[in-house]
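Chain by chain, the residues run as shown.
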Amino acid sequence: PFVEDAESGASKALGKTIGGLAKVVLRPYLRVEKDIVGTSGTFSTDAAVTKVTYAFMEGMGTQAISNLQLKDDIAIPGIFEDKKYKAIETADQDLWGTEVGALIIFNVTNNYLSKTQPLPCDATKYKEGVISAAGKYLDLTLTEYLSNMK
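Along each chain, residue indices are assigned from 1 in the same order as the chain's sequence is written. For this predicted model, a pLDDT threshold of at least 70 governs which residues receive local features, and a threshold of 80 or more governs which side-chain atom pairs are given and counted, while totals over whole chains, interfaces and linings are taken from all residues. The basis for the side-chain values is all heavy atoms of the structure; hydrogens and waters are excluded.

Participant: Where do I start with helix α2 (residues 123-147) in this structure?
Facilitator: Since the α-helix packs 3.6 residues into each turn, any two residues three or four apart lie on the same face. Helical segments are the DSSP runs of H or I of at least four residues, strand segments are the runs of E of at least two, and each set is numbered from the N terminus. How far a helix is expected to stretch is found by multiplying one less than its residue total by 1.5 Å. For α2, built from 25 residues, the straight-helix expectation of 36 Å at 1.5 Å per residue is met to within 8% by its first-to-last C-alpha distance of 36 Å. A side-chain oxygen of the first residue of α2 lies 2.8 Å from the backbone nitrogen of threonine 124; this N-cap is aspartate 122. Whenever a nitrogen or oxygen atom comes within 3.5 Å of another N or O atom, the pair is scored as a polar contact, on the condition that within protein one atom can donate a hydrogen and the other can accept it, and that pairs from neighbouring residues in sequence are kept only if both atoms are in side chains.

Given below as structure tokens:
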């Protein structure tokens, strides 16, 4: 993941009461996350974790196997500017409808709205940061694996 939710709770509550409003506020945070799916909200599952499995085999029998999970995220700093990015869209709503005899007809348009904000970054720094984080990830998990071998 490369972003995290940066919208305040009050702003989310206001958006829910207004209706017909889509608001996304994100802050770039490039990392190797210990959880594949962030568990900061109410969603959580044991299956959604970043894991690596090492196996040492001799002949046909397994001598050692280890399933490792990161204890903390591995941040990749300095790639993106630390600022909030916001996108807001409102729906075209027909709240009152049109009376046609005994019926009220509501006009609902089916629109697909898209907002894009490119995040500028240096490609060389990005590549170096990701390679460095991947190396740290493998070092951490391999060190843990080797420390448990007998």
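Participant: In this structure, what is going on with the environment of aspartate 5? I would like to understand it.
Facilitator: Tracing the backbone shows aspartate 5 in strand β1 (residues 3-5). A 1.4 Å probe rolled over the protein chains alone gives each residue an accessible area, and that area as a share of the maximum for its type sets the label: buried under 20%, exposed over 50%, partly exposed in between. Taking relative accessible area as the criterion, aspartate 5 reaches 45% and is therefore assigned partly exposed. As a C-alpha pair, aspartate 5 and valine 25 span 20 residues in sequence and 6.2 Å in three-dimensional space.

Participant: Mind showing me how you'd approach the nonpolar core here?
Facilitator: It is characteristic of soluble globular proteins that their nonpolar side chains tend to be buried jointly. Note on terminology: a nonpolar core comprises buried Ala, Val, Leu, Ile, Met, Phe, Trp, Tyr and Cys residues joined through side-chain atoms within 4.5 Å. Formed by Leu30, Val32, Leu70, Ile74, Ile76, Ile79, Phe80, Ala133 and Tyr137, the largest nonpolar core amounts to nine residues. In this description, contact between two residues means that some pair of their heavy atoms is separated by no more than 4.5 Å. With residues near it in sequence (within four places) discarded, alanine 133 still touches Val32, Ile74 and Ile76.

Participant: Where do I start with the environment of proline 28 in this structure?
Facilitator: Looking at the element boundaries, proline 28 is found in strand β2 (residues 21-28). Linking proline 28 and lysine 84, residues 56 residues apart in sequence, is a C-alpha distance of 7.6 Å.

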